[in-house]
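# Chain and residue survey
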Amino acid sequence: MNDRTANRPARAATDVAGFVAALPKAELHLHIEGTFEPDLMFAIAERNGVRLPYASVEEVRAAYSFSSLQDFLDIYYAGASVLIEEQDFHDLAWAYLTRAHADAVRHVEIFFDPQTHTARGVPFATVVGGIGRALDDAEARFGLTSRLIMCFLRHLDEAAAFDTLDAAMDHRDRIAGVGLDSSERGHPPSKFREVFRRARSAGLRAVAHAGEEGPPEYIREALDLLEVVRIDHGNAALEDDDLVADLVRRRVPLTVCPLSNVRLRVVDDMAAHPLKRMLDRGLFVTVNSDDPAYFGGYVNDNYVAAAEALGLDRSHLVQLARNSFDASWLDGPAKAARLAELDAAAAASNPK
Ligand code: ADE
Ligand code: ZN
């Protein structure tokens, strides 16, 4: 074995990671509460005098072994309960934004769950104020642009979602859209038809988690009843050929989250992940991290893990980054500028 062959596997791995690291990209499926790293969680808990049910950062990490979405959500809501002051929300968002900047994320569309905080007596304004200040800082410091999407918790009722939408109207300039998250099974999109109608009539765009643990019918309902412009996850679409054909024809983006799907047992392992099949069938897919502090990786880790397990090549990776800007809510000129930046980065990594 000569030096070249001996080095090949290691070099191939670094090549993928290096290529992904240099690709400008957008992240479109990211829960800010899911970026709460245990060390920051402990620091904020201490300054707020809140006790966590864990003795150490290591104990928190050890608890991150999930058997289902609900199993994860129980821990995720417990972690978010230490967030109280505007500065806490700022620090949480700022930590994510600096990390995203290091991953060449140029634009991010961030979910937050207002009800997780307002139910504990934290004012809506505190949450939006802290996150919003971090978003402004990131645009000023890094040129990292953003949109904010407020999610309704689907395990709560539609009346609670209406109250949340009312509270959001005082912050209309900060909020670009509404989403639907939390426990999917048993909580179909149809439950939120009227509140989504009101949100859309107020000029907000709509997205919804659908087909993560739930059936393809939930994806159909999200499209037809909630009139969403993107589907978050959408894995279950592959169980219904007519639905796939519709999603392809209408060019509906799917915000896919590979490491999340592995950690929440939506798929058995990364080799079984449907991302490559989705691309091959012409679906408009993007790669995202969902809740990176809980699922073992940020957005670039998701690209790399999927590429290595599924044999994605450079053209697939560029296509995924291209889709991320195309599916974003950037305006036309900003989108064109980001895509040109992506083309230049891809060309620089592939010298002729
Ligand atoms: N909230 C945070 N992460 C979520 C996920 N993966 N599915 C549904 N709700 C969530
Ligand atoms: Zn999600």
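One can find the structure itself at the top, above this paragraph.
Let me sum up the structure you'll find in this document. (Residues numbered from 1 in each chain as written. Chains lettered and ligands numbered in written order. Predicted model: local features only at pLDDT ≥ 70, side-chain atom pairs only at ≥ 80, totals over all residues. Heavy atoms only, no water.)

## Quick word on the state of the cysteines
In protein structure, a disulfide is the covalent linkage between the sulfur atoms of two cysteines. Definition in use: Cysteine sulfur atoms are paired as a disulfide whenever they fall within 2.5 Å. We call a residue buried when its accessible area falls under 20% of the maximum for its residue type, exposed when it is over 50%, and partly exposed in between, using a 1.4 Å probe and counting protein chains only.
In total, this model carries zero disulfides according to the counting rule given. Cys151 takes part in no disulfide bond, and the closest cysteine sulfur, belonging to Cys257, lies 12 Å away. Of the residues examined, Cys151 reaches a relative accessible area of 0% and is grouped as buried.

## Notes on the packing of aromatic side chains
Put simply, the rule reads: When the centres of two rings from Phe, Tyr and Trp lie within 6.5 Å, Trp using its six-membered ring, the rings pair. Their planes under 30 degrees apart give stacked, over 60 give edge-to-face, and anything left gives tilted. Put simply, DSSP H or I for four residues or longer makes a helix, DSSP E for two residues or longer makes a strand, and each gets a number counted from the N terminus. Two thresholds decide whether a charge sits over a ring: the Lys NZ or Arg CZ must be within 6 Å of the ring centre and within 35 degrees of the ring normal.
One pass over the full model with this rule turns up twelve aromatic pairs. Between Phe152 and Phe196 the ring centres are 5.8 Å apart and the planes differ by 70°, which places this aromatic pair in the edge-to-face class. Of this pair, Phe152 sits in strand β3 (residues 145–153) while Phe196 sits in helix α9 (residues 193–201), and the two are 44 residues apart along the sequence. With respect to class, Phe152 is no different from Phe196; both count as buried. Put simply, the rings of Tyr64, Phe66, Phe72, Tyr76, Tyr77, Tyr294 and Phe295 touch in pairs and so form one group of aromatic residues. Above the face of the Tyr303 ring, Lys25 is positioned so that its terminal group lies 5.8 Å from the ring centre. Looking at Arg99, its charged tip hangs above the ring of Tyr298, at a distance of 4.4 Å from the centre.

## Brief notes about the coordination of the zinc ion (ligand 2)
For clarity, the threshold we go by: Only N, O and S atoms count as donors, using a 2.8 Å cut-off from the metal and 3.2 Å for Na, K and Ca, and because water is excluded some sites may appear unfinished.
Only His29 (NE2), His31 (NE2), His209 (NE2) and Asp290 (OD) from the protein coordinate the zinc ion (ligand 2), and they sit 2.0 to 2.3 Å from it. The sequence motif formed by the donor residues of the zinc ion (ligand 2) is H-x1-H-x177-H-x80-D. Here His209 is found in strand β5 (residues 205–210), whereas its partner Asp290 is found in the loop between β8 (284–287) and α14 (292–295), with 81 residues between them in sequence. Each member of the pair, His209 together with Asp290, is buried.

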